[in-house]
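Fold and geometry: a report
These are the residues of each chain, in order.
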Amino acid sequence: MTKDVKSYDYIVIGAGSAGCAVAGRLGEAGHKVLLLEAGGADRNPWIHIPLGYSRLYANPKVNWCYESCEEPHLNNRRLFQPRGKVLGGTGAINGMIYMRGQPEDFDGWREQGCTGWGWDDVLPFFKSCEDQERGPNAYHGVGGPVAVSDLRTRHRLGEAFHAASERLGVPPNSDFNGARQEGTGYVQTTTRKGWRWSTASGYLRGAALKNINIRVNALVQRIRIAEGRAVGVRWTEGTAEHEAKADGEIILCGGAFNSPQILQVSGIGPGAVLRAAGIDVVHDLPGVGENLQDHFGIGAEYRSTVKSTVNDLYNNPIKGGAQLLRYLLFRTGPFADNGNYSNTFIRSGPDIDRPDMMVTFMAWCTSEELKPLPFSGFTILAEHMRPQSRGHVQVTSDDAAIQPKIQFNFFADEADQQAALAGLKFARKIGQTQPMADCIDYEIAPGRDVETDDALLAYCRANGLSLLHPVGTCKMGTGADAVVDPQLKVHGLKGLRVVDASIMPRIVTGNTNAATIMIGEKGAAHILADARQ
Ligand SMILES: Cc1cc2nc3c(=O)[nH]c(=O)nc-3n(C[C@H](O)[C@H](O)[C@H](O)COP(=O)(O)OP(=O)(O)OC[C@H]3O[C@@H](n4cnc5c(N)ncnc54)[C@H](O)[C@@H]3O)c2cc1C
């Protein structure tokens, strides 16, 4: 253990999507910040090349490579869970889609007791962190740290996907983060001029850096609590142990799996879970690790007659090499985009009042090991965005290096099964509609003979996936199951906040990164407001 225990105004645990935003804003305001990140620096070149994220999906050098427990409603399959373990966190290995969710999602948070988190409250924070390539308007901001850009290329299959969706009655939509989400069109991504733009790129720069001590390869083991206040953090770098004190606050930004884990190993969580893991209970807080939510995805896969899919780049080294060269020289072509070009937002049933199903055109299809199939292919993925099923995260050891138990319970709720079924049927309808139908040689999966609801549900159970958007495990609110209050302070303790995807009381109707960055931006504003008092 180092003898010299340094003090900081703030200690931020985890340099992910939210953690970099928090540390950046606190450092920029002149506070002395210690930022602790378990992973290394973001030097791997595939982090920065948008299409490179497929190379990071299962790379343990930048990824925690977690796995869920057996999922009882999905044939007891274990679901692979990549999470970023690198500067930038999961935002450095993700698919870069920028999708905020719907105003009603945030109004719903406010109605559940999260005062100050309705749409009118959060929109200014979405705007203040944004640097929108198209310029400012009522919904978008410019000059912020998060670059949001249009895709660099239009894709022939994406155009066919939009046209088929429109034939099925879906209106065109050129901005899913604008006046309405419903519709079909291209997505925008967190990229700048053909480079990934994580929050490490956006916030950890300029004047802020002078005040932030960034420690990489620093695995936090414990938050130290004394007389009801979080006072310090203990971490390891290799075999060396370190400790630091916080004069102000400790801000936990470990993400939806690791934030509840770090609280639990520190003795903060459900008493029974902690005792079973041999951990002394410091503060019995039943909600820590509960309320796990994620989007569920199920794909229809096609052999394509159009030979411009990601599979073609992978299977033909000359084509792939030429496109990589094009990217390196001009920052254009398929390597400059993420391969997931387009979305169609629909409602999964007549009684659903707003879109709850995101259907995505992905210019690839893969084997179970995520290896592109050896021919031109693509996937139309149906994603249920407002699931009812809930899971949990629980430690089994007091060692922060050991993966906690992750149980999603996908499909536990019958309504989630019906929504997935409706989404899959709609995805297939797009495939059967012109001009998309003309781009298809044949349907690989579910396959022509899988037609009845029972057979399609069996296909979902055997093939459905987590969309890798876990949230909710340190729920914000005021009830007995809440972990943090609307200022993101941990209930019943002083000097400790959680600021990341885990605080969402309910998952948003969109990919989770944009909302998580907004949480980081707003969380920092709460901390700075308290510091000024
Ligand atoms: C493959 C993939 C694709 C995705 N695609 C998209 C997409 O296209 N669009 C989108 O909106 N969302 C996407 N997501 C989800 C999105 O990226 C996450 O919701 C978001 O990054 C979560 O941010 P966070 O700050 O909560 O956590 P993270 O970004 O995961 O940050 C947590 C940080 O804490 C660190 N940490 C954890 N434990 C410790 C410890 N003990 N000590 C020190 N540090 C620790 C981690 O290493 C990490 O850097 C994707 C996710 C994955 C995995």
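Per an unreviewed UniProt entry, the protein chain carries the name GMC family oxidoreductase N-terminal domain-containing protein and comes from Pseudohoeflea coraliihabitans. Recorded under Sequence similarities (unreviewed entry), the UniProt text for the protein chain is reproduced unchanged: "Belongs to the GMC oxidoreductase family."

To continue, consider a nonpolar patch on the surface. A contiguous nonpolar patch, built from Leu 325, Leu 329 and Phe 330 and spanning about 350 Å² of accessible area, is present on the exposed surface. With respect to the secondary-structure elements, Leu 329 resides in helix H10 (residues 317–330). Take Leu 329: its relative accessible area is 57%, and that puts it in the exposed class.

Before going further, it helps to spend a moment on the pairing of strand E18 (residues 340–346). The element E18 is largely enclosed, with a buried count of seven among its seven residues. Where strand E7 (residues 183–186) and E18 come together, four bridges link them in antiparallel fashion. By the bridge assignment for E18, Gly 185 is matched with Asn 343. Relative to strand E19 (residues 357–362), E18 is paired through six bridges, and the arrangement is antiparallel. From the neighbouring strand, Ser 342 faces E19, where its bridge partner is Phe 361.

All right, on to the site of the ligand then. Residues in close proximity to the ligand total 38 residues, the closest being Ser 17, Glu 37, Thr 90, Thr 512 and Asn 513. Within the backbone of Ile 97, a nitrogen or oxygen atom sits 2.9 Å from an oxygen atom of the ligand. Considered on its own, the ligand offers 1,000 Å² of accessible surface; in the complex 97% of this is hidden by protein. It is helix H7 (residues 255–265) that provides the largest number of residues to the shell around the ligand, a total of three residues. Here the shell around the ligand is composed, by residue class, of 17 nonpolar, 17 polar and four charged.

Tallied over the entire structure, the rule returns 20 salt bridges. Between Arg 110 and Asp 121 there is a salt bridge, with the nearest N and O atoms lying 3.3 Å from each other. Here the residue Arg 110 occupies a position in helix H3 (residues 103–111), and Asp 121 occupies one in helix H4 (residues 119–128), the gap between them amounting to eleven residues. In this structure, Glu 249 engages Arg 497 in a salt bridge whose closest nitrogen and oxygen atoms are separated by 2.6 Å. Pair noted here: Glu 249 is in strand E14 (residues 240–252) and Arg 497 is in strand E25 (residues 496–498), with a separation of 248 residues, a long-range link. This pair shows no difference in class: Glu 249 is buried, exactly as Arg 497 is. One salt-bridge network, in which partners are shared between bridges, spans Glu 249, Lys 489, Arg 497 and Asp 530.

If you walk through the whole model with that rule in mind, you get zero disulfides. Cys 20 supplies the cysteine sulfur nearest to Cys 253, a cysteine that is in no disulfide, at a spacing of 8.9 Å. Residue Cys 253 is classed as buried on the basis of its relative accessible area, which comes to 5%. Free cysteine Cys 460: the closest other cysteine sulfur is in Cys 365, separated by 18 Å. On the basis of relative accessibility, which here comes to 0%, the residue Cys 460 falls in the buried class.

Our next topic: the UniProt feature "domain: Glucose-methanol-choline oxidoreductase N-terminal" (unreviewed entry) in the protein chain. In this numbering, the UniProt entry assigns the feature "domain: Glucose-methanol-choline oxidoreductase N-terminal" (unreviewed entry) to residues 84–107 and 255–269. Between the C-alpha atoms that bound residues 84–107 there is a distance of 30 Å. The span itself is 21% helix and 0% strand. In residues 255–269, helix accounts for 73% and strand for 13%; the two terminal C-alpha atoms are 16 Å from one another.

To continue, consider the environment of Trp 117. Positionally, Trp 117 belongs in the loop between H3 and H4. As for Trp 117 and Pro 486, which are separated by 369 residues in sequence, their C-alpha atoms are 7.7 Å apart. Not counting the four nearest positions on each side in its chain, Trp 117 is found in contact with Phe 106, Trp 109, Arg 110, Val 122, Met 476, Pro 486, Leu 488, Met 518, Ile 519, Lys 522 and His 526.

Tracing the backbone shows Gly 40 in the loop between strand E2 (33–36) and helix H2 (45–48). Exposure remark for Gly 40: the relative accessible area of 15% places this residue in the buried category. For the pair formed by Gly 40 and Asp 441, sequence separation is 401 residues and the distance between their alpha carbons is 44 Å. Residue contacts for Gly 40: discarding those within four places in its chain leaves Lys 85, Val 86, Leu 87, Val 216 and Asn 217.

Each value, and the rule that gives it
Residues numbered from 1 in each chain as written. Predicted model: local features only at pLDDT ≥ 70, side-chain atom pairs only at ≥ 80, totals over all residues. Heavy atoms only, no water. UniProt positions renumbered as here; feature names shortened; annotations may be inferred. Patch = residues over 30% accessible without salt bridge, like charges linked within 9 Å, V, L, I, M, F, W, Y side chains within 5 Å. Areas by Shrake-Rupley, 256 points an atom, 1.4 Å probe, with all protein chains shown as cover. Salt bridge = Lys/Arg side-chain N within 4 Å of Asp/Glu carboxyl O. Helix = DSSP H or I, 4+ residues; strand = E, 2+ residues; numbered from the N terminus. Buried < 20%, exposed > 50% of the residue type's maximum accessible area, 1.4 Å probe, protein only. Pairing = 2+ DSSP bridges. Near = heavy atom within 4 Å. Polar contact = N/O pair within 3.5 Å; in protein donor to acceptor, adjacent residues only side chain to side chain. Nonpolar A, V, L, I, M, F, W, Y, C, P; charged D, E, K, R; others polar. Disulfide = S-S within 2.5 Å. Contact = heavy atoms within 4.5 Å.

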